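# Results of the structural survey
Read off the chains here:
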Protein chains: 2
Amino acid sequence: MSKKLTTRAEDYSKWYNELVVKADLAENSGVRGCMVIKPYGYAIWEKMQAELDRMFKETGHENAYFPLFIPKSYFSKEASHVDGFAKECAVVTHYRLKNDENGKVVVDETAKLEEELIVRPTSETIIWDTYRKWIESYRDLPILVNQWANVVRWEMRTRLFLRTAEFLWQEGHTAHATKAEAIAESKQMQGVYADFAENFMAMPVIKGAKSESERFAGALDTYTIEALMQDGKALQAGTSHFLGQNFAKAFDVKFTSKEGKLEYVWATSWGVSTRLMGALVMTHSDDKGLVLPPNLAPIQVVIVPIHRNDEQLDAITEKVNELAKSLRKKGISVKYDNRTTYKPGWKFAEYELKGVPLRIAMGPRDLENGTLEIARRDILEKQTISIDETVVYVEKILEEIQDNLYNRALEYRNSHITEVNSFDEFKEVLETKGGFISAHWDGTIETEDKIKEITKATIRCIPNDAKEEDGKCVFSGMKSNRRVLFAKAY
Amino acid sequence: MSKKLTTRAEDYSKWYNELVVKADLAENSGVRGCMVIKPYGYAIWEKMQAELDRMFKETGHENAYFPLFIPKSYFSKEASHVDGFAKECAVVTHYRLKNDENGKVVVDETAKLEEELIVRPTSETIIWDTYRKWIESYRDLPILVNQWANVVRWEMRTRLFLRTAEFLWQEGHTAHATKAEAIAESKQMQGVYADFAENFMAMPVIKGAKSESERFAGALDTYTIEALMQDGKALQAGTSHFLGQNFAKAFDVKFTSKEGKLEYVWATSWGVSTRLMGALVMTHSDDKGLVLPPNLAPIQVVIVPIHRNDEQLDAITEKVNELAKSLRKKGISVKYDNRTTYKPGWKFAEYELKGVPLRIAMGPRDLENGTLEIARRDILEKQTISIDETVVYVEKILEEIQDNLYNRALEYRNSHITEVNSFDEFKEVLETKGGFISAHWDGTIETEDKIKEITKATIRCIPNDAKEEDGKCVFSGMKSNRRVLFAKAY
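What counts and how
- Every chain's residues receive numbers from 1 upward, in the order its sequence appears when written.
- Naming scheme: in the order in which they are written, chains are lettered from A and ligands are numbered from 1.
- Per-residue local features are limited, in this predicted model, to residues with pLDDT of at least 70; the limit for side-chain atom pairs, both in listing and counting, is 80 or more; totals at the level of whole chains, interfaces and linings are taken over all residues.
- The side-chain quantities take in all heavy atoms of the structure and omit both hydrogens and water.
- UniProt positions are given in the numbering used here, feature names are shortened, and annotations may be inferred rather than shown by experiment.
- A run of H or I in DSSP counts as a helix once it spans at least four residues, and a run of E counts as a strand once it spans at least two, with each numbered from the N terminus.
- With the radius of gyration taken over C-alpha atoms, the globule rule is written as 2.2 Å times the number of residues to the power 0.38.
- Contacts: residue pairs with any heavy atoms within 4.5 Å of one another.
- The Shrake-Rupley method, run with a 1.4 Å probe sphere, supplies the accessible areas, and residue values consider only the shown protein chains as cover.
- Counted as positive: Lys and Arg. Counted as negative: Asp and Glu, with His and the chain ends omitted from the count.
- Note on charges: their place is set at NZ of Lys, CZ of Arg, CG of Asp or CD of Glu.
- Buried surface area refers to the total accessible area, computed with a probe of radius 1.4 Å, that the two partners give up upon joining, counted for both partners together.
- Salt bridges are identified by distance alone: a Lys or Arg side-chain nitrogen within 4 Å of an Asp or Glu carboxyl oxygen.
- The term polar contact refers here to a pair of N or O atoms within 3.5 Å; inside protein, the definition further demands a hydrogen-donor-capable atom paired with an acceptor-capable atom, and it admits residues adjacent in sequence only when both atoms are side-chain atoms.
- Classification used: nonpolar for Ala, Val, Leu, Ile, Met, Phe, Trp, Tyr, Cys and Pro, charged for Asp, Glu, Lys and Arg, polar for all others including Gly.
- Should DSSP find at least two bridges between two strands, the strands are taken to pair.
- Type-normalised accessible area, obtained with a 1.4 Å probe on protein chains alone, sets the label of each residue: buried when under 20%, exposed when over 50%, and partly exposed for intermediate values.
- Our superposition of the copies is a least-squares fit, built on the C-alpha atoms of residues whose pLDDT is at least 70 in both.

Chain A is annotated in an unreviewed UniProt entry as Proline--tRNA ligase of Urechidicola croceus. According to the UniProt record, the Subcellular location (unreviewed entry) comment for chain A reads "Cytoplasm". UniProt lists a comment for chain A under the heading Sequence similarities (unreviewed entry), and it reads "Belongs to the class-II aminoacyl-tRNA synthetase family. ProS type 3 subfamily."

Bringing the overall build of chain A into the picture now. On a plain count of helices and strands, chain A comes out with 14 helices and 26 strands. Against the 2.2 N^0.38 benchmark of 23 Å for 490 residues, chain A shows a C-alpha radius of gyration of 26 Å, consistent with a compact globule. Overall, chain A is about 80 × 70 × 55 Å in size when its C-alpha atoms are taken along their principal axes. Of the contacts formed within chain A by residues at least 6 apart in sequence, a portion of 69% connects residues at least 24 apart. In the structure as shown, chain A presents an accessible area of about 20100 Å², 46% of it carried by carbon and sulfur atoms. Counting 68 positive and 75 negative side-chain charges, chain A places the centres of these two groups 2 Å from one another.

If you look at the interface, chain A gives 68 residues, while chain B gives 68 residues. At the boundary of chain A with chain B, total buried surface from both sides reaches about 5600 Å², with 62% on carbon and sulfur atoms. Between the two partners, chain A and chain B, sit 4 salt bridges. With its nearest N and O atoms 3.2 Å apart, the salt bridge here joins R96 of chain B to E88 of chain A. Connecting chain A to chain B are 29 residue pairs in polar contact (both at pLDDT 80 or more). The element best represented in the side of chain A that touches chain B is strand β5 (residues 88-99) of chain A, accounting for 12 residues. Partitioning the side of chain A that touches chain B into residue classes produces 39 nonpolar, 11 polar and 18 charged.

Quick look at the sheet that holds strand β26 (residues 483-487) of chain A now. Residue and element names in this part refer to chain A. Reading across from one edge, β3-β8-β9-β15-β12-β11-β10-β23-β26-β22-β21 is the order of the 11 strands in this open sheet, with mixed pairing throughout. One side of each edge strand has no neighbouring strand; the edge strands of this open sheet are β3 (62-63) and β21 (417-419). Across 8 bridges, strand β11 (residues 221-228) lies against strand β12 (residues 234-244) in antiparallel orientation. If you follow E226 over to β12, its bridge partner there is Q236.

Right, let's talk about the pairing of β11 of chain A for a bit. Residue and element names in this part refer to chain A. Counting buried positions along β11 gives 7 out of 8 residues, so the element sits mostly inside the fold. In terms of strand pairing, strand β10 (residues 206-209) meets β11 through 4 bridges, oriented antiparallel. Note on β11: the bridge partner recorded for A209 is Y223. Joining the antiparallel neighbours β11 and β12 is a turn of 5 residues, in which G232 adopts a positive phi near 85 degrees.

In screw terms, the move from chain A to chain B is a rotation of 180 degrees and a rise of 0.0 Å along the axis, fitting with an RMSD of 0.0 Å. This pairing of chains is accounted for by a two-fold axis. No C-alpha of chain A approaches the rotation axis more nearly than that of V92 of chain A, which lies at 2.1 Å. A shared binding surface is used by both copies, with 100% of the interface residues of chain A retained as interface residues in chain B.

Here it is in structure tokens:
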């Protein structure tokens, strides 16, 4: 398979699809809409999981596991929820196969379920059905639970990581005694997500609230983090929902308060998914391949020997083993690729494609001089340094790369937030430049829908830090008191 | 909910079910056969996962993720496999729900899948369908991949952890250039499982091979680790399969060898599941509740303050914080339960039920004397020691508990392996004492089936260390050259 990619300028969408496959992140499977996450892609996801899991635990959450299947009737209990989720879903109707008279494997029609089971698209219903058994008094609250799981949403048009029928995610589901606590929790988790996106993914995000029509089905408020991809389209990277007492009422979950009163429980839920993998790819990568932030790179430094014979290889290997050991002591992940089945040039292209932040090459001349060649993936620059300085240098440069990726993405993002004051300007900016459009909106669903219909742009969020500002809705001309962010989005 | 359990002597099965629920490990859900793994139970599973994952990676394996759904036709490709697995399974037939004329949520019959999808009972088929795309030459081999996932097998009689419709597991799937390598891999993983069972679960196991009829559907050889529960029944705790070229042939996976020849790839698969949680409970626990080996206990030391007023509590807390910090520095997990909503006696019973290895109590008298009371869960003994000695003491005793649990289980297991030389003896030992029965077997499936029919005992394994020994089959009287182990099993 050629390592050459379609360029972003040629076809951004094609570039993305090729990159995900060629960099060994994921590929389509024989099952419609379901992907295979390959070891290299999964290793990045594992690093994401580890950091998020640590952050969840540091904020007092525990993990648990709830059933994959949800009885159909559960969905009917929360009206807006069923409309939002349970419609496009995988439905289990039978529990047995058999061989027919010709020996063909067929569904056994006598083994039909009394009630169909839905493969979870999200777990609010089954979890609140369980919480009813766990909660009696204020002493049982709060419940701060997270689940790492697979979920299925029957998407018609799928794209690796960005939109797949099955995807991996975490879903936090918390139960609280008061409204204030639940709101604080959902905002806290928005903060955790933003922290993760910025400090690990090196991906700047805007924190904000969703407009009513973009909220999670069943939520009173949805807090989001929105990122901007290199093609000027926004990507919703994580959401945290204040669910009010909707699910407590649907599943009859009450608690006895300190004052002895019976009250409904307050809820939140929040999640991020393997979609973040798509966001990571599209935020930093270039026409040569992946560019990974060191904080999430499975391999931070790859070392390639350059040799003509076994003797040279042995001498290089000895030196490399020493160096690798020192680097690993500092917590740096190092791969030494001494395969003789591939040439150095092939390996260089391979690790460029795979986004390894630093590549070290060492040849016989380097051994003589006590040097090595080190190349940065982010700016595609290389230099020769002394072997003795390498550990200190690598530590410093990995941090620099992490910062550089963040700053580069931030600069791009900031230069792609445009304030507009008329609908013509709105359409023009959207078509020519893309990015976020900061505009006044009259607060009605009608206007939001019409703008979407005409431009395909949606309200990404009402930013947390939006200032009060008198103005007129770009579409209707009605009064507005703050700007919101529109964009075309993934 | 009362913390008192049915005793093991009264009803072992009831004791187990009560314990799993009362100790907050798991509970049944609203979905037939599917359990909810509660945070405390999941925390133990996470510790198991972390150790196993480390061991897999140390032996060169990487994680990946494959689709939840498998097209029905995939199962038909490996004949014995479909019989063994795909028959009792969850079948997805539709992909949409709708509201009917009365507003009721029903399956949309117009949204029927062309080919039904099976919720994976195990992933050999979908993985080998994928490996075909990954493997071209010997340079692509070996593939050493593991997956952490949920699987579904439609069991009619389910029991928490031991047999559930959905369960969590890991499944390793490896591809090799030679038969010898594949066999070595499957044996290596049997060794990894035994190591984990013995050193982390403190559960002695017998390593052996399965007889033909007990093999995995599609395997040429199944290597197993077999444990013995306190009621004298065996439990298969992990299996590793040498699959030969069966799946490579079924999915047409060939590679070009170094010599340029096109050959079928050799395969293994191996797995352990949340069933290990059941094994852990049944190996060590007693009539007061769980007993957890320190190496897998989410909380290794719990500290309970004993106080009459806030002033005393503050003084104790200050001392405890200092102690907890020192313990944590040594990598010991500590919980300080200073809730004032529960009394010390309630907390003692609670942590006994939850199997926390060490419990420390500290009261005002202790503060004066610089002492504390420390109680071991495994032998239910307590003593008073000086606070200053505590860290050293705890480190030592945790190791002692780990060893004690293993040795206690080993002693029980060893005293429950009985050699018998006649079928009458076989039946008598099975009825009166249980455990493993070491007996000569003629090697035929017919004999195995008849013994199972009459006694419900199955061949658990042909132990790896079985000596050559001339004898006669206890059932048929035919010649045999080594003993195998029979038992009733979970």
